[in-house]
Every structure is written in structure tokens, then in C-alpha cells.
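One-letter residues, chain by chain:
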Amino acid sequence: MSINRRHFINLSSLGIAGFTLQGFANKTNNIIIKPIVIATWDAGLNANKGAWEVLSKGGSALDAVEKGVMVTEDEISCCVGLGANPDRDGHVTLDASIMDHEFNCGSVAFLERIKHPISVARKVMEKTPHVMLVGEGAQQFALSEGFKLEPNVLSEDAKKAYEKWLKKSTYKPVINVERSTNPNAQLDEKYKAPYKLDNGNWNHDTIGMVALDANGNLSGSCTTSGAGFKLRGRVGDSPVIGAGLYVDNEVGAVVATGQGEDVIRVAGASAVVEYMRQGKSPQEACKLVVEKIRKIKKEKAADIQVCFIALNKKGEHGSFALHTGFNYAVHTSDGNKLLESPFSI
Ligand code: SD4
């Protein structure tokens, strides 16, 4: 008799009626934990709720990761979507990607005035022979698919931050690692939550999500405004399949956040998947790629943040970040919780 079956019988004989197989699954090493969804940063908690509505009803991981990150794209005061910080010229430009369990993938980059870039990315995947559309072409495609052109205005928070930035206009694309002098932010010393910068904005700009559905299929999504006050035309890792996002349904799914240039350099998400293929745990796999970036960057590693979250076919998850301050949200049938990520420096 298999260990799993023996455990199950033991539980039944203890009279634990109504103890679902799913609940049981989350407590053993031998059964696949599914469905499960994980997402970057504390915004991942809300995003996970959106994804869970799909997963808990037996829906696909693909639908879940789209719906999940749409929650964050809708949160106007957040750092993702049209409410986010603009580029140096004052325009919000968005990147997004999505990938399913059959290597289908789609992405958009440098997209303006469209509320849900993730859904445009999905349309690119499903309705075109291409993987990636950018800029004006991506916007035209979105409009032809029935997406609405939103007004060209900044959110209140973004406007304030941009006006402040314009006073100095220093080009210093530091992501996620900056410490705030805001007294309220000092409360976050233990990094229970991402700290707010002096300009009142969250110090990250991305939501990345990966999920395993009840059928055992993996999918992933990522959507971002990239880096605040970036050079016009800058595209990060998030829409680059293999860098910001990668899914191999035989192995696992990975999404990145942080300094996109350094994630692209090492084909980050794909590299993490390959380490999992070699038998590394999700956390070990993330760590190996973060350490590689640290080595490449040498002393410059002090100035950047890079983080990965990973999920394997068994529903095991893990993360690793270059610096402290990163967290990610995990939703299973046991609930939705925020976990602090291990880190290197
Ligand atoms: C980028 N990786 O465009 C994104 C930014 C990010 O939290 O993740 N910020 O480089």
C-alpha cells in the first residue's frame, strides 16, 4: 500500500470527516499541491484572490493568471497599469506577457493608454502568429480587438511623483532597493511590506504570477509599468519570454521582478526553470540565478534588486532575491498568505 493511501486511511479511521483530499494534499510531500497560485509583492495577495476565483472552480491556470494580475492592473493608485509612474517624457508605457502549459506565449511592450496589457498579450498569443507586439502596433492591435483607448492622463500619485522628479530629472533607474527616509516607512524595517519612497510611491512596479491548476497544468503572467522615469522606449524583462517569465509544463513556471536589464542578461526565468529540471528545488533554482547576477554585477549588485518566484509541477514554491525587502503571496486551499523571501545581500 502506498504511503499516501495509508495516510488517507489513517485519517479516515480517525474519523476526520470532510477532510478533503485537497486539504490533505497540502500537508504531505507526496501528493501534488494543486491548485496553487503565487504572485510577487504584497499586491500579490489581492491578485491571488482574483486567480483563486478561477482555480477554486476548477478553471485553468491560464485564465487564473490573466484574471489575477488584472486585479492589480485595475488598482489605479498602484504601481502597475495606467496609474503607474510615467517615463521621462511623462507617458505611462506598459509591458506584459503571458504563457500557458503548451509553450504558447504572447506579450506586449511599450504599450500606451490600454488598461489591461495582460489581456492584449493573451490576444497576441491566441489571435496572431506572433509572440510580441510593441508600441503603436500593439495599441492598434488592441483597439482592433475591442480594447478601449483610455485618456492620456497621469494618476494623482504619478503626477506628484513626476513633478517632483522633474525638478532634478536625474536619470537613476534604481529599482526596489532604495531605502526611504519617510518616517512611516521606517516601520517597515523588518520589511513586512515593501517600503514607500519619499514621493509616496511604492518602490516596485510589477506583478508576476504563476499557477498550477487542478488538472496539473502550469501558466504564468507578468504585467508592469517597468521603471519609473525610464528613457522613452525602454522595455524591461517582463514582456521578454524566457527572461521575465517562463513556463515549461513538464518542470515548472517562473516569473521575475526587479531590475529587468539584469534579468534579461541571464535569460533569468528560463535559467531558473532549467535548474529545476536538473532537480533543484524552486528556492535553490531561484538562488542560483540570483547569485549568478550578483557575480556578474560585482559591486554594482548593491544598487539593484532582482527577485524570482518559482513553482514546480508538484506545487512546491520558492523564491530568492538579491536584497532583503521582497515578499510574495501564496494561495492554496489553506488560504492566502504573504511570505518573506530569502535573499543574498
Ligand atoms: C522591469 N522587472 O521593467 C521590471 C520592473 C520591476 O518591480 O519588476 N519592478 O525591469
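Reading the values: rules and limits
Residues numbered from 1 in each chain as written. Predicted model: local features only at pLDDT ≥ 70, side-chain atom pairs only at ≥ 80, totals over all residues. Heavy atoms only, no water. Phe/Tyr/Trp six-rings, centres within 6.5 Å; stacked < 30°, edge-to-face > 60°. Helix = DSSP H or I, 4+ residues; strand = E, 2+ residues; numbered from the N terminus. Buried < 20%, exposed > 50% of the residue type's maximum accessible area, 1.4 Å probe, protein only. Core = buried A, V, L, I, M, F, W, Y, C linked by side-chain atoms within 4.5 Å. Contact = heavy atoms within 4.5 Å. Pairing = 2+ DSSP bridges. Axes fitted to C-alpha atoms, helices over the stretch in contact; angles between N-to-C directions. Salt bridge = Lys/Arg side-chain N within 4 Å of Asp/Glu carboxyl O. Parallel < 35°, antiparallel > 145°, perpendicular 65-115°, else oblique. Left-handed = near helix turned anticlockwise from the far one by under 90°. Nonpolar A, V, L, I, M, F, W, Y, C, P; charged D, E, K, R; others polar.

S.K.: What exactly am I supposed to notice about the packing of aromatic side chains here?
M.R.: The description of an aromatic ring pair rests on the distance of the ring centres and on the angle between the ring planes. All chains considered together, the criterion is met by four aromatic pairs. Aromatic pair Trp41 and Phe326: ring centres 4.9 Å apart, planes at 85°, arrangement edge-to-face. On the criterion of sequence distance, the pair formed by Trp41 in the loop between strand S1 (36–40) and helix H3 (43–55) and Phe326 in the loop between strand S10 (317–321) and strand S11 (327–332) is long-range, its members being 285 residues apart. The pair formed by Trp41 and Phe326 is uniform in burial state, with each residue classed as buried.

S.K.: Please clarify how the nonpolar core should be interpreted in this entry.
M.R.: Most often, soluble globular proteins keep nonpolar side chains buried together rather than apart. Judged by nonpolar contacts, the single largest core of 45 residues is most densely connected at Ile38, Val254, Val272 and Phe308. With sequence-adjacent residues up to four places away left out, Ile38 is seen in contact with Asn48, Gly208, Met209, Val210, Ile309, Ala310, Leu311, His317, Tyr328, Ala329 and Val330. Counting 33 residues, the second-largest nonpolar core is a separate cluster that includes Val80, Ile98, Met209 and Ala211.

S.K.: Is there a simple way to explain the sheet that holds strand S4 (residues 132–134) in this structure?
M.R.: What holds strands together in a sheet is hydrogen bonding between their backbones, with the strands either parallel or antiparallel. Read across the open sheet, the eight strands follow the order S4-S3-S2-S6-S5-S1-S11-S12; overall the sheet is mixed. Taken across any chain shown, the strands that pair with only one partner, and hence form the sheet edges, are S4 and strand S12 (335–340). The mean inter-strand angle of the sheet, taken between neighbouring strand axes irrespective of direction, is 10°. Sheet topology note: the S11/S12 ladder contains six bridges and is antiparallel. Among the inter-strand pairings, Ala329 is bridged to a residue of S12, identified as Leu338.

S.K.: Is there a simple way to think about the pairing of strand S9 (residues 306–312) in this case?
M.R.: Across a regular strand the side chains alternate sides, sitting on one face of the sheet and then on the other. Of all seven residues in S9, seven are buried, a share of seventy percent or more. Of the two faces of S9, the one carrying Val306, Phe308, Ala310 and Asn312 and the one carrying Cys307, Ile309 and Leu311 are both buried. Pairing of strand S8 (residues 252–258) with S9, which is carried by seven bridges, proceeds in the antiparallel orientation. In the sheet register, Gly258 faces S9, and the bridge partner there is Val306. Pairing of S9 with S10 involves five bridges; the strand directions are antiparallel. Looking at the pairing, Phe308 lines up with Phe320 of S10.

S.K.: Which parts of the structure should I look at to understand the sheet that holds strand S7 (residues 245–248)?
M.R.: The antiparallel open sheet is built from four strands, whose spatial order is S7-S8-S9-S10. A strand with exactly one partner marks an edge of an open sheet, and here the two such strands are S7 and S10. Adjacent strand axes in the sheet meet at a mean angle of 10°, parallel and antiparallel pairs treated alike. The strands touched by helix H11 (residues 282–297) are S9 and S10; relative to S10, the strand with the most contacts, the crossing angle is about 20°.

S.K.: Before we go on, may I ask you to explain the pattern of salt bridges in this structure?
M.R.: For side chains of opposite charge, pairing can occur when their charged atoms come near one another. Tallied over the entire structure, the rule returns 16 salt bridges. The salt bridge partner of Arg122 is Glu126, with a shortest N-O separation of 2.9 Å. Here Arg122 and its partner Glu126 are both found in helix H5 (residues 117–127), four residues apart, which amounts to about one turn of the helix. The class for Glu126 is partly exposed, based on a relative accessible area of 47%. A salt bridge links Lys297 to Asp262, with the shortest nitrogen-to-oxygen separation between them at 3.1 Å. Pair noted here: Lys297 is in helix H11 and Asp262 is in helix H9 (residues 260–265), with a separation of 35 residues, a long-range link. Asp262 carries the same exposure label as Lys297, and that label is buried. A network of salt bridges, in which partner residues are shared, links Asp63, Glu66, Arg122 and Glu126.

S.K.: What is the right way to read the packing of helix H10 (residues 268–277) against H11 from this model?
M.R.: Packed helix pairs are characterised by how far apart their axes lie and by the angle those axes make with each other. Axis separation between H10 and H11 bottoms out at 8 Å; the angle between their running directions is 135°. Here H10 lies oblique to H11, going by the angle between them. For the element pair H10 and H11, the recorded crossing hand is right-handed. Taken together, the residues of H11 that come into contact with H10 (itself represented by Gly268, Ala271, Val272, Tyr275 and Met276) are Pro282, Ala285, Cys286, Leu288 and Val289. In terms of residue class, the contact of H10 with H11 is made up of nine nonpolar, one polar and no charged.

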